[in-house]
Each structure stands twice: as C-alpha cells, then as structure tokens.
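# Topology and contacts: notes
Letter by letter, the chains look like this.
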Amino acid sequence: MVTTESRDAVDDIERLLRRLTSFLLRHSAEGAFELRDTVRQVAGVYGARAEILAIAEGAVLTVEGPDGTSRSATVRVSPELARLDLVAEGKFLVRRIMEGTLPAGDAYRELRELERRTAPYPAWLRAAGVVLFAVGFAPSVQATWTEIGYSVVLGTVMAIVFICAERLAVLRILLPIVGPVLVGLTAFGLLHAERQPGGPMILMVPALFVLIPGDFLCAATAEIAVGQLTPGAVRLAQAAFTLVEIAAGVLIAAEVSGVGTGHLFEAAVPAVLPVGLIVASWLPFVLGLALTFSARMRDVPWVLALTYLAWGVQFGVTRWIGPTAGTFVAAALLAAAAGYLEISARRPPRIVLILGGFFALTVGALALRGLTTIDGGFTIQGFNDIRDAVTQTAALTLGLIVGAAPTQAMFASRAGRAAEAGRASAPPGM
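Residues numbered from 1 in each chain as written. Predicted model: local features only at pLDDT ≥ 70, side-chain atom pairs only at ≥ 80, totals over all residues. Heavy atoms only, no water.

## Examining the packing of helix H13 (residues 300–320) against helix H15 (residues 350–361)
Note the threshold: As a rule, the C-alpha atoms of each element are fitted with a line to give its axis, helices using only the stretch in contact, and angles between N-to-C directions run from 0 to 180 degrees. To qualify as a helix, a DSSP run of H or I must reach at least 4 residues; to qualify as a strand, a run of E must reach at least 2; elements of each kind are numbered from the N terminus. Take the far helix as your reference; a near helix turned counterclockwise from it by less than a right angle gives a left-handed crossing, and one turned clockwise gives a right-handed crossing. The contact criterion used is simple: two residues touch if any of their non-hydrogen atoms lie within 4.5 Å.
The interhelical angle for the contact between H13 and H15, taken along N-to-C directions, is 35 degrees, at an axis separation of 7 Å. Of the two elements, H13 crosses H15, and the hand of that crossing is right-handed. Residues Trp302, Val303, Leu306, Thr307, Ala310 and Gln314 of H13 pack against Val352, Leu353, Gly356, Gly357, Ala360 and Leu361 of H15.

Here it is as structure tokens:
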C-alpha cells in the first residue's frame, strides 16, 4: 500500500536526483564521465534506481522509486567552469549521502543551499585573478620581458570585459568575440604588437587564454574515445566554434585597427628570462586560476603541486624524446596523481586538482594561433600549428584516460562499498 509518507519520500528522492543531475552536468567541463555512476549510486543509497541519457548540455533522468513507481525528468543546463568551490563542496555532500547520514529531503535542501551560495571573491579580486592568470602563463608562451609587459596590459583589458560579461547576458554570449576584439584593438592600436619580432598573436595569447576552450576540446575527445559519442560530438563542435569565434575577434581587430591580417605572423624569439622566473611564474598562474574560477584557497597548494608535476614532466620528457610523448606522459601522471589524491575524503575532486596542470598542457592556444596565422597568409605555418594541436590533443586525451583508469576503478570500488554501507545503515524512510 502506498502511503502519504512513502509518496513524500519518493518525491524527495526524485527531487534530489534531478537537482544532483543538474548540478553535476553544469560542472562537467572536464567531461560527463562520472555523472551516470554518481547519480546511480546516490539513488541506490535510498533504495531507488536511476538511469541517465546525457548529452553535453542536457540529460533525461528516469527514476524508479522504492515503491516501484517510475518517473522521468528532462534536465537542461550549460556546462561551465566558473565555481570550483561548489564542485569541491558538492563532492563532500555526495560522500555524506553515500555514508547514509542524510535523508533525501535534507540532502536536497543542502544541495539547493549550496547552489545559492554567493561567490567567495568580489569582482575586483576575480578581475585581478584574470590578470595574474595571463601574466603567470606568459613566460611559458614566450620567455621575454615584452611578453610579460603585454600580458599585464592586455590581461587587464580582458579582466574588465570578463567581469562585465558576468553582469550582462548579451555580453556573456558574445564574450568569445568581444573579448578578442578589445584585446586586439589594444594590442594593435595602442601597443603596436605587429611590430614585435615574435608576432602579435604570441603577445595576445596569455590574455585570451581564459577564453580558450582547451578543457572542452580534450573532454570532447575523451568522451568520444570512451564511447560517449553524443556528448563528445556536441562538446567538440562547441569547442571548435569557440576557437573560431576567438580567431574571428582577432581578425576583426586587425582589420578595424588598419594593421591588416597580413601582419598575423609568428616567429621564434630567443628566451631572455631566467629559468627561475619561468618556474616561479606558475605561482601567480595558479593563484589567478583560483581567483578567476572561485576555487577554495585551501585547495590551491594541491593544484599548484600538480601543475608543477605536469609542467615539469612535460618539459623534461619533451626535451628528451619529443612534444607528443612529453604531453602523453605528463597527462598520464597528472591524471593518476589527481585520481589518487581524490580518493581521500578531505581533498577536492579530480576536476579541481587537475585543472592547473591541464591548463599547463592544453593545446587550444596552439590551434588558435594556427587559425589566425592561416588567415594572415602564412598557410604552411598555420597548418603545422593545427596539425601539432590535433596530435597533442590526442596525446593529452589518451594520457588522461590511461592515467585515470586505475584510480577510477579503485574509486568506483570504494564508492560502491560506501553505497552498500549507506543502504545498510540508512534509517527507515530514507
């Protein structure tokens, strides 16, 4: 017999699973690999069953409650990488659910309050984060003082546009074009970047890096590689289109400023910065990343450690063997280390741990440089950049999959045992 109490319990379970699906999908910029398993395990704790058909920006959730009734819901959100603090706190909430300490209704209310939590940093501090993000990345693009100086100015322009886009819906949609246009106009019209020996695009990349969808690009290829074709194809198309938008913004700026696209060349420039400064530059980079994407300060040391791991391994192996092997080995070790650290209940989830190292290895900037160089008339050089971007994206993706496989299997085994323990210890009515 279905009572009012049992019906309310089923309602609580269905509401929790629907909101949890939305939460996990929104923060799935690294890929929706764990979405289905996490929702299934949470459902199992409450004696229910859940199935999910997911694409990149939506999912169909079907829940079969303990009473045998089945319900379906459609969830639609836009994946983003804006609130790493929520991602970390979400992991800890899911762990408490797995332990059987939260009734479904209480878990739903906690998740709702978590999503309503205000950002940990004010707008001005996040703007400073965007500048640090650009300046910290600059020495790894071109090890010159000119690169750092341009990154300070152009990073400030991007920071202002980035923060304004959070308050204006129209600007948020147009940010991949408007941001590069304003950065390009400043670089060409004020700083005369076209006169620099390395070419203007090299000088603009650090400021534009916050827009480059390297995470989406690699997540898409990883999803396709493991058979999640629909979300992978959608995410791949989105990442490719965003790169085209950014390139178009730079081309528009070159034409409007009167410089012309013929000056979008690229050339190697001898490094003049001391090695110690290049190594130390990852400190402001990671701090800027944390401020820009609202990561918790207590997670920064872990992110910094894995950033140095990824960059150091890639640097060493690349000099020894080559860039493709260097990217593969660095990605595999990064994924393995992040997966191992994630197992601890006190440490942040994998996407937070891996993000700094992932940005250090990402090849989206290389693809962007290829697109703009081709339009500048340097076809062979541009296609070489795109070829290298495709090759290194494959190496990065395969490295992440290979490195994550052992620890993910271990994590899934522990999560399954925790869910079983949660079901055994759950009080009646959960």
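## A few points about the environment of Leu217
Threshold: We call a residue buried when its accessible area falls under 20% of the maximum for its residue type, exposed when it is over 50%, and partly exposed in between, using a 1.4 Å probe and counting protein chains only.
Mapped onto the elements of the fold, Leu217 is located in helix H9 (residues 214–225). A residue is classified by how much of its surface remains accessible, and Leu217, at 13% relative accessible area, is buried. For the pair Leu217 and Leu243, spaced 26 residues apart in the sequence, the C-alpha separation amounts to 9.8 Å. Leaving out residues up to four positions away in the same chain, Leu217 has contacts with Leu236, Ala239 and Thr393.

## Here we look at helix H7 (residues 169–190)
What counts is decided by this rule: For a residue, the bend is simply the angle between two axes, fitted respectively to the seven-residue segment ending there and the seven-residue segment starting there.
Along its length, H7 shows its largest kink, about 80 degrees, at Leu175, and proline Pro176 lies within four residues downstream of that point. Within H7 the residues assigned to the buried category are Leu171, Leu175, Pro176, Gly179, Pro180, Val181, Val183, Gly184, Thr186, Ala187 and Phe188. Of the surrounding elements, those touching the buried residues of H7 are helix H6 (145–165), helix H8 (200–208) and helix H10 (229–256). His192 lies just past H7 and shows a positive phi near 55 degrees.

## Comments concerning the sheet that holds strand E1 (residues 49–55)
The condition that has to hold: DSSP calls a pair of strands paired once it identifies at least 2 bridges connecting them.
Here three strands make up an open sheet; going across it, the order is E1-E2-E3 and the pairing antiparallel. Each edge of the sheet is formed by a strand with only one pairing partner; in this case those strands are E1 and strand E3 (70–76). Across the sheet, the axes of successive neighbouring strands diverge by a mean angle of 15 degrees, strand direction being ignored. Note: E1 against strand E2 (residues 58–64), seven bridges, orientation antiparallel. What sits directly across from Glu51, in E2, is Thr62. Across the face of the sheet, helix H2 (residues 35–45) comes into contact with E1 and E2 while running at roughly 160 degrees to E1.

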